[in-house]
There are 2 protein chains.
Amino acid sequence: MALREIPDIVVGRLPVYLRALTRMFQEGQSITSSKELGERLGISSAQIRKDLSHFGEFGKQGTGYQIEYLVGQIQRILKVNHEWEVALVGVGDLGHALVHYNGFANRGFRIVALFDANPDKIGKPVGGLTIIDAATLLDEIRAREIKVAMLAVPADKAQTVADKLVEAGIKGILNYAPINISTPKDVRVQYIDPVIHLQRMTFYLDAK
Amino acid sequence: MALREIPDIVVGRLPVYLRALTRMFQEGQSITSSKELGERLGISSAQIRKDLSHFGEFGKQGTGYQIEYLVGQIQRILKVNHEWEVALVGVGDLGHALVHYNGFANRGFRIVALFDANPDKIGKPVGGLTIIDAATLLDEIRAREIKVAMLAVPADKAQTVADKLVEAGIKGILNYAPINISTPKDVRVQYIDPVIHLQRMTFYLDAK
């Protein structure tokens with residue numbers, strides 16, 4: 001099946017499967033089933049089998065999945081069987097937390113460039129890197145052929161910086177600014193805004 | 001229509017609509033259309049009209065939506081027309097960033113209690129609050145009747161802390177730890193893991 005026919009919602013579940021399978025493997029487990037994985041994730045086993053069937057045959061009826069093999073296959077599908085270099089724009093509190101976040105290691109991403117427009121920050125070391133003047137973003141990202149960026153600037157700066165990232169050749173933006181940004185169709189944007197998640201939960205809660 | 005019949009995916013879009021509408025209102029706009037909102041968000045106008053129709057009639061054919069009214073209605077639906085007190089467990093780099101994050105203000109949430117198990121952190125002030133011993137979490141949260149928590153502890157601590165939060169009466173957990181956690185059915189969990197979002201994007205990118 002051509003990749004373009006795979007629903008994005010299915011693609012969105014693969015990283016969740018990968019995270020759980022990787023953890024099982026780290027815990028010393030070598031075989032699992034769609035049933036066990038589903039129970040761990042609160043997803044039906046049928047859903048998991050259907051999702052994976054978009055990409056090939058990864059297990060045998062009755063014998064389950066070889067975890068290490070399946071991890072490798074999903075890494076390959078998601079293209080995180082190699083490491084992507086990531087640019088981070090905006091080195092405030094959140095930016096610092098991202099630089100020090102140890103959850104990127106071995107999951108396909110490494111922050112290699114830090115940008116900020118604040119003269120007080122430029123030149124300062126953070127987590128083994130040095131903050132670069134955001135004014136040089138275009139040249140730096142182009143020269144290093146970085147394709148993925150995290151945007152941790154204030155909302156009112158997000159679109160301007162995103163435009164610059166796109167011009168520099170960035171194809172994937174993880175946007176932490178609490179605002180929707182527009183990009184050309186070939187640039188993927190994902191959003192992280194804690195309030196969006198919190199509001200999605202309070203809908204279901206009893207009003208105080 | 002009973003609330004339980006509304007698909008969670010629809011509920012999940014309401015906060016995105018609310019964020020965009022609030023921004024329009026702040027920019028001085030008073031009326032919008034599903035077409036304009038859809039263009040801003042990259043969602044079809046039909047989808048927006050259909051989503052909103054689950055909750056009532058908010059606009060008139062041809063005249064569009066009164067933004068201030070619609071903002072108030074969505075706030076009411078999401079139960080963020082009042083402020084929820086939020087407990088934060090784990091005051092590392094990410095926890096600090098969350099305490100200082102100014103995106104919570106006027107969106108329904110206020111961090112009112114900080115917990116950490118590290119003796120070096122307990123008693124330290126952060127953003128106008130004082131870090132409390134995580135050992136007292138159960139009593140503190142019960143006494144203050146806090147219903148929403150953010151979990152910013154390491155992955156290997158997340159389930160244990162989540163169990164404690166549930167025991168304390170928490171009904172919504174925003175989990176930043178990169179691991180799935182199990183909770184009773186009446187406790188909602190949302191996840192924020194940047195790698196999940198990044199991997200969902202790299203699927204579509206040309207391999208380096």
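Preceding this section is the structure that the text describes.
It should be emphasised that the depicted structure is a prediction, and the values quoted were computed from it without experimental measurement.

1. Some thoughts on the packing of helix 2 (residues 34–41) of chain B against helix 3 (residues 45–53) of chain B
All names here are of chain B.
- Contact pair helix 2 / helix 3: the axes reach a minimum separation of 8 Å and the direction vectors enclose 110°. On the basis of their axis angle, the class for helix 2 and helix 3 is roughly perpendicular. Between helix 2 and helix 3 lies a crossing of right-handed hand. In this structure, helix 2 uses Ser34, Lys35, Leu37 and Gly38 to contact helix 3, whose residues at the interface are Ser45, Ile48 and Arg49.
- Class assignment of the residues belonging to the contact of helix 2 with helix 3 gives a composition of 2 nonpolar, 3 polar and 2 charged.

2. Some thoughts on the nonpolar core
- Counting 98 residues, the largest nonpolar core has A:Met150 and B:Met150 as the members making the most contacts within it.
- Discounting chain neighbours no more than four positions away, the residues touching A:Met150 are A:Val86, A:Ala87, A:Leu88, A:Val89, A:Leu98, A:Phe104, A:Ile111, A:Leu174, A:Tyr176 and B:Leu198.

3. Section: the relation of the copies chain A and chain B
- After a rotation of 180° and a shift along the axis of 0.0 Å, chain A superposes on chain B with an RMSD of 0.0 Å. Accordingly, the operation relating the two chain copies is best matched by a two-fold axis.
- Most of the interface of chain A is mirrored in chain B, where 100% of its interface residues are also at the interface.

4. A word on the packing of helix 1 (residues 8–26) of chain A against helix 8 (residues 194–202) of chain B
- At a minimum axis separation of 9 Å, helix 1 of chain A and helix 8 of chain B run at an interaxial angle of 130°. Taken together, the axis directions place helix 1 of chain A and helix 8 of chain B in an arrangement best described as oblique. Where helix 1 of chain A crosses over helix 8 of chain B, the two elements pack in a sense that is right-handed. Side by side, helix 1 of chain A and helix 8 of chain B meet where A:Asp8, A:Ile9, A:Val11, A:Gly12, A:Pro15, A:Val16, A:Leu18 and A:Arg19 of the first sit next to B:Ile196, B:Gln199 and B:Arg200 of the second.

5. Thoughts on the interface of chain A and chain B
- Contacts between the two partners involve 64 residues from chain A, matched on the other side by 64 residues from chain B.
- Between chain A and chain B the total buried area reaches about 6,500 Å² when both faces are included, carbon and sulfur atoms providing 66% of it.
- One can count 6 salt bridges joining chain A with chain B.
- The partner of B:Asp193 in a salt bridge is A:Arg19, and the shortest N-O contact between them spans 2.8 Å.
- Joining chain A to chain B, the criterion identifies 20 residue pairs in polar contact (both at pLDDT 80 or more).
- Of the residues contributing to the side of chain A that touches chain B, the split by class is 37 nonpolar, 10 polar and 17 charged.

Scoring rules and cut-offs
- Residues numbered from 1 in each chain as written.
- Chains lettered and ligands numbered in written order.
- Predicted model: local features only at pLDDT ≥ 70, side-chain atom pairs only at ≥ 80, totals over all residues.
- Heavy atoms only, no water.
- Axes fitted to C-alpha atoms, helices over the stretch in contact; angles between N-to-C directions.
- Helix = DSSP H or I, 4+ residues; strand = E, 2+ residues; numbered from the N terminus.
- Parallel < 35°, antiparallel > 145°, perpendicular 65-115°, else oblique.
- Left-handed = near helix turned anticlockwise from the far one by under 90°.
- Contact = heavy atoms within 4.5 Å.
- Nonpolar A, V, L, I, M, F, W, Y, C, P; charged D, E, K, R; others polar.
- Core = buried A, V, L, I, M, F, W, Y, C linked by side-chain atoms within 4.5 Å.
- Buried < 20%, exposed > 50% of the residue type's maximum accessible area, 1.4 Å probe, protein only.
- Least-squares fit on C-alpha atoms with pLDDT ≥ 70 in both.
- Buried area = accessible area lost by both parts, 1.4 Å probe.
- Salt bridge = Lys/Arg side-chain N within 4 Å of Asp/Glu carboxyl O.
- Polar contact = N/O pair within 3.5 Å; in protein donor to acceptor, adjacent residues only side chain to side chain.

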